[in-house]
Amino acid sequence: MDPQWRFSLSELRETPSCLPLEEEMSRRHKGIDWLMRVGATLRMGLGPCLTAATYFHRFYMRRMLEDYHEYEIAATCLFLASKTEENGKRLEDLVIVALAKIRSIPPNQVAGSYDAEAKRWENVILTYEEVLLEVLCFDFNIHYPHAFLADIASSLESSRQRSGPLVECIWSVAHDSYRTPLCVLESPQVIAAACLLFAQSLIDGPEGPSLTQRLEVQQHGEPNWRQILGITENDLQSIAIALTVLCQFYRSCAHKDQSKPDVTPYKLIEPPTLDLEVPQLFKPVSSSSTTNGIKSFVQSTNGSKTPADPLGTVPSTPFPLPPVSPSPMQSQSPTSPLSGQA
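### What to know about the overall build of the protein
Along the backbone of the protein there are 14 helices and 0 strands. If you list the helices and strands of the protein from N to C, you get α-α-α-α-α-α-α-α-α-α-α-α-α-α. Split into buried and exposed, the 342 residues of the protein put 56% on the buried side. At a minimum sequence separation of 6, the contacts of the protein that also span at least 24 residues come to 77%. Approximately 14400 Å² of the protein is accessible, and the part contributed by carbon and sulfur atoms is 49%.

Here it is in structure tokens:
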């Protein structure tokens, strides 16, 4: 991981945005969620979507949210990622899907009804692409934790009868890590280790070892994840930080909608009890806050009437776990424990 793209927690507290840290992280979460949904509709595959998400987080480490709205930057990141990942999508198609998500209408109803707004979006994406390229320093070299988790998955399949649910959960947590700033805080190996330990805790339940115990002691019968991932003692604090960020994130995602699956198993996982100074990054969000965010965005762009639920039904909890593709980086639609299908 290039040192210029690895930031400290203190640098995260001092991003260019003037917003409170929790509000900035909440808006980033919404932006990534929207990005994943647009990418899934365009059938971009998991790799380009994760690349776009990484561009997104890198951008806001150097530019203000107040100057660049998260949905417009998300669309720009998808457009650039479709080129750098050789998954080319026409700008017109991207804009149609983006407007369909915002207006909560089928994509085939965009043409002819929102031509002026579509033209504005095209101009914004092309303009912001130049800004994004400058911010990224034309560095398109992206590494995912998923590549390292593939080795873990292979070891699990040969050592555990319950490898299926565990591997599914690992991929799910890895997808959701991009809804946090972990990709600009820690290396892919560290994030992979954190996703593995978090997933193990979830599958084992409250009777299993704590995250602190899993960090400190290799559990009997488990694959040697430190050796597989190349983790040293010096990396353990970074893994603990990543686990703390994941715990904060999942605790912030519970909704009050009783029709949704139970998020309690995720909320019950306690972060490592090591001496860490991790700021509170996430505040509880509700489906109404997501809807209100898009309403205010549409109103700020053209003042027209907004839909009642521009993102559709937003699944709010980690269950059910999604199926796992044999080749996760070639998945046709990125999945997440929070969104079922992004």
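### Notes on the packing of helix H9 (residues 188-204) against helix H12 (residues 236-251)
Between H9 and H12, the least distance of the axes is 9 Å, while the angle of their chain directions is 55 degrees. Of the possible angle classes, the one that applies to H9 and H12 is oblique. Of the two elements, H9 crosses H12, and the hand of that crossing is right-handed. Each of Val190, Ala193, Ala194, Cys195, Leu197 and Phe198 in H9 lies in contact with H12, whose residues at this interface are Ser238, Ile239, Ala242, Leu243, Leu246, Cys247 and Tyr250.

### Some words on the pattern of salt bridges
Scanning the entire structure with this criterion turns up 14 salt bridges. The partner of Arg6 in a salt bridge is Glu186, and the shortest N-O contact between them spans 2.8 Å. One end of the pair, Arg6, is in the segment before helix H1 (9-13); the other, Glu186, is in the loop between helix H8 (163-176) and H9, with 180 residues separating them in the sequence. The class for Arg6 is partly exposed, based on a relative accessible area of 38%. Across the salt bridge formed by Arg226 and Glu233, the nearest N and O atoms sit 2.8 Å from each other.

### Concerning the environment of Asp139
With respect to the helices and strands, Asp139 occurs in the loop between helix H6 (115-136) and helix H7 (145-159). With a relative accessible area of 15%, Asp139 lands in the buried category. Between the alpha carbons of Asp139 and Asp2 there is a distance of 9.5 Å; along the sequence they are 137 residues apart. Sequence-distant contacts of Asp139, defined by excluding residues within four places in its chain, comprise Asp2, Gln4, Trp5 and Arg58. Polar contacts involving the side chain of Asp139 include one to the side chain of Trp5, which spans 2.9 Å.

### Topic: the side chain of Glu129
Turning to its location among the elements, Glu129 is positioned in helix H6. Classification of Glu129 as buried rests on a relative accessible area of 10%. Within polar-contact distance, the side chain of Glu129 engages the side chain of Lys83 at 2.7 Å. Residues in contact with Glu129, not counting those within four places in the same chain, are Thr76, Phe79, Leu80 and Lys83.

### Observations regarding unusual backbone geometry
The phi torsion at Glu86 lies on the positive side, around 55 degrees, for a residue other than glycine. Within the element layout of this structure, Glu86 appears in the loop between helix H4 (70-84) and helix H5 (91-103). Its relative accessible area of 74% is what places Glu86 among the exposed residues. In this structure, Phe138 takes a positive phi of about 55 degrees despite not being glycine. Classification of Phe138 as exposed rests on a relative accessible area of 55%.

### Let's talk about the packing of aromatic side chains
In this structure the tally under the stated criterion is 11 aromatic pairs. One aromatic cluster is present, formed by Phe56, Phe59, Tyr60, Tyr68 and Tyr128 through successive ring pairs.

### Remarks on the side chain of Thr244
When you line up the elements, Thr244 lands in helix H12. At 2.8 Å, the side chain of Thr244 and the backbone oxygen of Ala240 are in polar contact. With near-sequence residues (within four places) excluded, Thr244 lies in contact with Pro271, Pro272, Leu276 and Val278.

What counts as what
- Residues numbered from 1 in each chain as written.
- Predicted model: local features only at pLDDT ≥ 70, side-chain atom pairs only at ≥ 80, totals over all residues.
- Heavy atoms only, no water.
- Helix = DSSP H or I, 4+ residues; strand = E, 2+ residues; numbered from the N terminus.
- Buried < 20%, exposed > 50% of the residue type's maximum accessible area, 1.4 Å probe, protein only.
- Contact = heavy atoms within 4.5 Å.
- Areas by Shrake-Rupley, 256 points an atom, 1.4 Å probe, with all protein chains shown as cover.
- Axes fitted to C-alpha atoms, helices over the stretch in contact; angles between N-to-C directions.
- Parallel < 35°, antiparallel > 145°, perpendicular 65-115°, else oblique.
- Left-handed = near helix turned anticlockwise from the far one by under 90°.
- Salt bridge = Lys/Arg side-chain N within 4 Å of Asp/Glu carboxyl O.
- Polar contact = N/O pair within 3.5 Å; in protein donor to acceptor, adjacent residues only side chain to side chain.
- Phe/Tyr/Trp six-rings, centres within 6.5 Å; stacked < 30°, edge-to-face > 60°.

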